Amino acid sequence: MTITTATELWRMSALELAEAIRTKQASSQEVIEAHLRRIEAVNPVVNAVTVVLGEEAMEAAEAADLQVAAGGGLPSLHGVPFTVKENIDLAGAPSTLGLSALANSYPACDAPIVERMRAAGGIPIGHTNCPTLTVRWHTDSELWGATLNPWDPSRTAGASSGGEAAALATGMSPLGLGNDGLGSLRWPAQCCGVAALKPTLGRIPHATTIEPLDAAIGVQLTGVEGPMARRISDLRAAFDVLAGPTWHDPWTVPAPLRGPQLARPIRMALVVDPEGGGTADQVQEGVRRAAAALAEAGYSVEEIEPPSINLAAKILLDMLNTPDIRALWQLMSSLLPADTQRFFSSFYEVAGDPDPVTTLQSFVSRQSLLRAWGEFQETYPLIVAPIYTDIPFEAGTDLEDGRVAETINGMRMAMAVNALGLPAVAVPVGIANGLPQVVQVIGPRYREDQCLDAAQAIEEQAGIFTPIDPRSPEETPT
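For the structure given in this document, a descriptive report is provided here. (Residues numbered from 1 in each chain as written. Predicted model: local features only at pLDDT ≥ 70, side-chain atom pairs only at ≥ 80, totals over all residues. Heavy atoms only, no water.)

### Comments concerning the overall build of the protein chain
Put simply, the test is: Secondary structure elements follow DSSP: runs of H or I no shorter than four residues count as helices, runs of E no shorter than two count as strands, and numbering proceeds from the N terminus. Throughout, a contact is declared for two residues whenever any of their heavy atoms are within 4.5 Å. The Shrake-Rupley method, run with a 1.4 Å probe sphere, supplies the accessible areas, and residue values consider only the shown protein chains as cover. Working convention for charge: Lys and Arg count positive, Asp and Glu count negative, and His plus the chain ends are omitted. Where a charge lies is defined by one atom per residue type: Lys uses NZ, Arg uses CZ, Asp uses CG and Glu uses CD.
Helix and strand counts for the protein chain come out as 17 helices and 13 strands. Along the first, second and third principal axes, the C-alpha set of the protein chain runs to 60 × 55 × 45 Å. In the protein chain, the share of contacts with a sequence separation of at least 24, taken over all contacts with a separation of at least 6, comes to 77%. Carbon and sulfur atoms provide 52% of the accessible area of the protein chain, an area that totals close to 17,500 Å². One finds the centroid of the 31 positive side-chain charges in the protein chain at a distance of 5 Å from the centroid of its 56 negative side-chain charges.

### A look at the pattern of salt bridges
Counted only if it meets this: Any Lys or Arg side-chain nitrogen located within 4 Å of an Asp or Glu carboxyl oxygen qualifies as a salt bridge.
Here the structure, examined in full by the defined rule, presents 20 salt bridges. Here the residues in one salt-bridge network are Arg38, Asp469 and Arg471, joined through shared partners.

### Side note on empty space enclosed by the protein
The criterion, for reference: Cavities and pockets were defined on a 1 Å grid built over protein atoms only: a cavity is a set of grid points that admits a 1.4 Å probe from which the probe cannot escape, a pocket is an open set flanked by protein on both sides within 12 Å along at least five of seven lines, and lining residues are those with an atom within 4 Å of any such point. Grid points are joined across faces, edges and corners, and a volume is the space filled by probe spheres set on the points.
Considering all chains together, one arrives at 2 cavities of 30 Å³ or more under this definition. Approximately 70 Å³ is the volume attributed to the largest cavity. Lining of the largest cavity is provided by Gln190, Gln282, Val283, Gly286, Asp390, Ile391, Pro392, Pro436, Gln437 and Val438. When residues of the lining of the largest cavity are traced back to their parent elements, those giving at least two are helix H10 (281-296) and strand E13 (435-442).

### Some thoughts on the nonpolar core
Short version of the rule: Definition used in this section: a nonpolar core is a set of buried Ala, Val, Leu, Ile, Met, Phe, Trp, Tyr and Cys residues joined via side-chain atoms within 4.5 Å. Between buried and exposed lies partly exposed: a residue is buried under 20% and exposed over 50% of the maximum accessible area for its type, with that area taken using a 1.4 Å probe on protein chains only.
With 81 residues, the main nonpolar core has Trp137, Phe347, Trp373 and Ile383 as its most contacted residues. The next biggest cluster of nonpolar side chains, apart from the first, holds 60 residues, and it includes Val114, Ala229, Tyr299 and Val439.

### Structural notes on a negative patch on the surface
Quick reminder of the rule: For patches, a residue must show more than 30% relative accessible area and have no salt bridge; joins then use 9 Å for like charges and 5 Å for nonpolar side chains, namely Val, Leu, Ile, Met, Phe, Trp and Tyr.
On the surface, Glu55, Glu56, Glu59 and Glu62 cluster together to form a negatively charged patch. The topology assignment puts glutamate 55 in helix H4 (residues 54-70).

### Overview of the pairing of strand E9 (residues 267-270)
Both faces of the sheet carry side chains from a regular strand, because those side chains alternate between them. As a reminder of what qualifies: Strands pair, by our definition, only if DSSP identifies at least two bridges between them. Note on handedness: a crossover is taken as right-handed if, strands pointing away from the viewer, the path from the first strand over the helix to the second is clockwise.
As defined by bridge partners, E9 adjoins strand E10 (residues 300-303) across 4 bridges and the pair is classed as parallel. Residue methionine 268 lies in a different strand from E10, and its bridge partner there is valine 301. Read from E9 through H10 to E10, the crossover connection turns out right-handed. In this structure, E9 lies alongside strand E11 (residues 382-386), joined through 3 bridges in parallel fashion. Opposite leucine 270, over in E11, you have valine 384 as the bridge partner.

### Overview of the sheet that holds E13
Sheet strands pair by backbone hydrogen bonding; their relative direction is either parallel or antiparallel. To be explicit about the condition: As a rule, the C-alpha atoms of each element are fitted with a line to give its axis, helices using only the stretch in contact, and angles between N-to-C directions run from 0 to 180 degrees.
Sheet architecture is open: 11 strands sit in the order E1-E3-E2-E6-E8-E7-E12-E13-E11-E9-E10, paired in mixed fashion. For this open sheet the edge positions go to strand E1 (49-52) and E10, each flanked by a neighbour on one side alone. Going across the sheet, the axis of each strand differs from the next one's by a mean of 30 degrees, ignoring polarity. Here helix H14 (residues 356-379) sits on the sheet in contact with E9, E11 and E13, set at roughly 110 degrees to E11. Here helix H17 (residues 448-462) sits on the sheet in contact with strand E7 (195-198), E9, E11, strand E12 (424-432) and E13, set at roughly 15 degrees to E12.

### A closer look at the packing of aromatic side chains
Selection rule: Any two rings among Phe, Tyr and Trp, with Trp reduced to its six-membered ring, count as a pair given centres within 6.5 Å; such a pair is stacked if its planes are under 30 degrees apart, edge-to-face if over 60, and tilted if neither. Ring-over charges, as used throughout, are those where CZ of Arg or NZ of Lys falls within 6 Å of the ring centre and within 35 degrees of the ring normal.
Here the structure, examined in full by the defined rule, presents 12 aromatic pairs. Geometrically, the ring pair formed by tryptophan 187 and phenylalanine 393 is tilted, given 5.8 Å between the ring centres and 40 degrees between the ring planes. In this pair, tryptophan 187 is assigned in helix H7 (residues 186-192) and phenylalanine 393 in the loop between E11 and helix H15 (403-410), connecting sequence segments 206 residues apart. Overall, tryptophan 187 belongs to the buried group, its relative accessible area being 0%. Plain terms: the ring middles of phenylalanine 344 and tyrosine 348 are 6.1 Å apart, the flat faces sit at 5 degrees to each other, and that makes the pair stacked. Here tyrosine 348 and phenylalanine 344 lie together in helix H13 (residues 338-351), a separation of 4 residues that amounts to about one turn. Residue phenylalanine 344 is classed as buried on the basis of its relative accessible area of 11%. A network of ring pairs unites the aromatic residues Trp137, Trp329, Phe343, Phe344, Phe347 and Tyr348 as a single cluster. Positioned over the ring face of tryptophan 10 is arginine 38, at 3.7 Å from the centre of the ring.

Right, here's the structure in full:
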């Protein structure tokens, strides 16, 4: 392969770029410059990248090229750019969470996942947008404004990792870091047509130097850090880099990255309309398309549901509706913009008044459901299902009367996965009516490898979305 233009560079995957740099088909400086130029050209349209670390990135690329010239072994992502969601600590850039009050909150050091990406040779080129405090399902922050969906600017780009998803979809970055507590990796992946890995609780570390250092227990049990990309192979490479224990995060465990082979054919549960709560036709079509791809790849697919999906989603609401979380929201209320306050009010109206007995029972019920899903996954290790059961809603309408309740219902399968701390991979399967179709593959705890294998099989059948240009609406990715 001969690389001749900067356009070819920003269209490439992270592993392709690493190979090009390693084999001297392109320099890291050329790769970084191509992505910085792409940001300059496209970001004014979609508003996905909030802070650009151009000078620092070019200096790191120059050092990376010197290492290539010196010969010897190179790490897996040597010289490859990546972007980082605004609520993940990145040395040299403030961890603002989109909030004006945190505009100058510079972290003392990188988050563990950023540190690990750098150790693998990756070069951070910028922060990406998220909603204020990362609490909405639409990316619109007090500091940076709204991120637009590059497929259809009238639709949401998702949240809370919406800036990351839009940056990847448009070629501003080949690889990104985000997080997921209520579907925040998988929902923007659905909206923007990219891939994402939500890992098992305890698989990839989370830590910050910005107060509060430790979240409430419900948040600790449901939120995780994870990679986003356009290719499943890039997710796998990032997973290998990011996973593993550290004292910074006491939840992390030294579980093996790959488990024993499952009996063949691997049985896959197909969930088209979780608990009959309503799922849009084109979302159902995407799930069935994924199932057909898996069947073609040799999986045994059966339409059957894991137990108590709605109850699992409700347990997540209860774990996030504790008196201490409610008190913190009230304490911070004066610092929050009106739209964030409105979201909190609507969210807790759905969740109901905090009740200590209900809260405590939710953690007990979680344990019971984990056993029930564990038993189910003895027979059906993998589950293919919708992420959000409808198409992306119109941008900015997430705060309209009744929409928060509707979104919670539509996100029921994603929220169940968060409540139970299970791994899931979001993978694109097609395009319908001008919008991406993306499904999630859910696995047993610590079996990200099986989720990635199944997602890879889907990708091989469905094809890969190339970066799209929001300045040229007539351009249709393949």
